[in-house]
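Given next are the chains, with one letter for each unit.
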Amino acid sequence: MIYNADRLSKVMTVNDLELLIVSSLENINYFSGLRPVIKTLNKYYGECYIVIHVSTPRVLNFVHSCGECDQLTESMSSLGHVFTYGTFYRESGAAYERQGDEADIFKWTMDSPRHANGKEALLALIATIAPKRLPRIGYDQDGMPKATVEALSNSVGKDNLVESAALVRDVRKVKTASEISGLSRAAQINEQAIYRVTEALQSGISEHELKEIFEYEVVKQGGRPELTMLKIGLNAVGGQRQQKKDNTLSAGDLVWFDSNTSYQGYWADLARVVAFKDLNPATLVKYNALRKGMIHASEIAKPGITGAEVFNSTMEFIQDQGFSGYRRHHIGHGIGFEAYERPIMSPDENCCIEEGMVISLETPYYEFGLGALHIEDPVLIGVQQNTFLTLNPCPELKVIN
């Protein structure tokens with residue numbers, strides 16, 4: 001099972017929801033393993049929905065555009081009803097026994113009612129799944145056009161609709177074995193691409209060239225570059241801008257990575273720093289304090305404690321290592337189908353850590369005249385012991401010659 005059906009069932013029951021409508025790209029990806037093309041072609045108004053009944057949490061009922069519904073043949077979860085909408089022409093051709101994917105596509109598009117738009121298809125699907133009374137429906141408001149929300153409200157009554165994007169995110173916080181596998185693969189693709197860049201370091205190479213090496217390696221491994229934050233030397237103090245061809249590597253420079261990649265929708269957010277040819281001893285002292293802080297955070301992040309408790313303990317620990325001026329607004333975040341998920345390891349986070357969460361822990365530091373020092377690795381939360389998803393987590397600061 002790729003999604004947490006037991007947790008979903010519990011969340012729906014506790015919140016008295018008969019139906020849950022999933023609509024955002026990330027949530028559809030989470031439940032089905034699919035990234036609907038219609039959500040890419042028409043980001044704000046493209047409609048694709050999964051409808052789940054509380055009595056059958058392992059069955060996905062879909063509303064999908066007719067033209068792209070062949071994607072559903074690749075669903076990694078069990079399908080129930082499929083209602084299509086829109087205009088797209090596939091001719092019947094000669095009569096013969098269709099099999100496999102072709103039979104499914106024929107059924108969904110030629111041998112079932114066609115609806116004018118996603119709104120009409122969604123209302124028809126709800127009437128089919130819950131025909132006897134007005135159901136109480138949770139809806140993922142993040143991916144649903146206003147007109148569809150209004151149509152739902154008119155159909156089932158405003159009091160029967162519950163905004164539920166936060167509830168879906170609560171389901172997603174605890175990962176399944178399938179998710180852990182995907183997140184591990186995403187992290188290790190990212191890690192390998194960083195390593196490949198460090199192998200290519202030489203005097204005069206530019207940030208832009210290093211970015212190209214990194215992104216090529218990610219794609220070669222089946223991943224997708226998302227945010228390649230990679231800077232040389234003092235430039236890392238402003239990490240969000242694009243890499244520049246005239247920022248080139250010299251002896252004594254630090255090379256900073258805060259690289260976001262994804263694999264089949266799963267995100268990896270890793271950070272590393274290496275030194276080129278020379279390293280200031282004072283820089284090493286700061287880095288070592290941050291590294292020890294990372295290890296400390298990974299050891300105390302246990303089920304039942306809050307993000308704020310992890311933050312406060314880790315900040316105190318780093319400062320006790322001789323880095324008294326260290327300041328941060330957070331030192332990590334949940335990660336999954338989005339780069340930032342709860343809990344956030346911040347001073348005001350009251351969300352508790354649970355077994356099965358994956359948290360991207362980090363201890364960044366930015367200083368004018370230095371650049372950036374940064375370590376970040378994803379950690380799977382266990383009962384007895386936490387596990388890093390990277391192969392070489394929290395590395396010592398290496399000098400590349």
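How each quantity is defined
- Every chain begins its residue count from 1, and numbering advances along the sequence as written.
- Per-residue local features of the predicted model are confined to residues with pLDDT of at least 70, and side-chain atom pairs are confined, for both listing and counting, to 80 or more; whole-chain, interface and lining totals are unaffected and use all residues.
- Derived side-chain values reflect all non-hydrogen atoms in the structure, with water molecules and hydrogen atoms excluded from consideration.
- Fitted lines through C-alpha atoms give the axes, limited to the stretch in contact for helices. The angle between two N-to-C directions lies from 0 to 180 degrees.
- Secondary structure elements are taken from DSSP: a helix is a run of H or I of four residues or more, a strand is a run of E of two residues or more, and numbering for both begins at the N terminus.
- Each crossing is labelled by how the near helix is turned from the far one, with a counterclockwise turn of less than a right angle marking it left-handed and a clockwise turn marking it right-handed.
- Contacts between residues were defined by any pair of non-hydrogen atoms, one from each residue, lying within 4.5 Å.
- The classification used treats Ala, Val, Leu, Ile, Met, Phe, Trp, Tyr, Cys and Pro as nonpolar, Asp, Glu, Lys and Arg as charged, and all other residues, Gly among them, as polar.
- Aromatic rings from Phe, Tyr and Trp, taking only the six-membered ring of Trp, are treated as a pair when their centres fall within 6.5 Å; an angle between ring planes under 30 degrees marks them as stacked, one over 60 as edge-to-face, and anything in between as tilted.
- Classification of residues uses two cut-offs on accessible area relative to the type maximum, computed with a 1.4 Å probe and protein chains only: under 20% is buried, over 50% is exposed, and between them is partly exposed.
- Only when the NZ atom of a Lys or the CZ atom of an Arg is both within 6 Å of the ring centre and within 35 degrees of the ring normal do we say a charge sits over the ring.

- Per an unreviewed UniProt entry, the chain is named Methionine aminopeptidase, and its organism is Pseudomonas fluorescens.

## Structural notes on the packing of helix H1 (residues 5-14) against helix H7 (residues 165-172)
Working step 1: The geometry of H1 relative to H7 is characterised by a closest axis approach of 9 Å and an angle of 145° between their N-to-C directions. The two elements H1 and H7 meet at a crossing, and its hand is right-handed. Where H1 abuts H7, its residues Arg7, Leu8 and Val11 lie against Leu167, Asp170 and Val171.
Working step 2: For the contact of H1 with H7, a count of residues per class yields four nonpolar, no polar and two charged.

## Here's the deal with the packing of aromatic side chains
Working step 1: In the structure shown here, the tally under the stated rule is nine aromatic pairs.
Working step 2: Seen in terms of ring centroids, Tyr266 and Phe337 are 4.5 Å apart; in terms of plane orientation they differ by 40°. Their pairing is tilted. On the criterion of sequence distance, the pair formed by Tyr266 in strand E10 (residues 266-276) and Phe337 in the loop between strand E11 (332-334) and strand E12 (341-344) is long-range, its members being 71 residues apart.
Working step 3: Judged by relative accessible area, which is 4%, Phe337 ranks as buried.
Working step 4: Each residue in the set Tyr3, Tyr30, Phe31, Tyr266 and Phe337 is aromatic and connected to the rest through ring pairs, giving one cluster.
Working step 5: Directly above the aromatic system of Phe106 lies the positively charged group of Arg98, at a separation of 3.8 Å from the ring centroid.

## Concerning the packing of helix H5 (residues 118-129) against helix H6 (residues 146-156)
Working step 1: Orientation of H5 relative to H6, taken along the N-to-C sense of each, is 35°, at an axis distance of 10 Å. Read as a crossing pair, H5 and H6 show a hand that is right-handed. Taken together, the residues of H6 that come into contact with H5 (itself represented by Lys119, Leu122, Leu123 and Ile126) are Ala147, Thr148, Ala151, Leu152 and Ser155.
Working step 2: In the contact of H5 with H6, the residues fall into six nonpolar, two polar and one charged.

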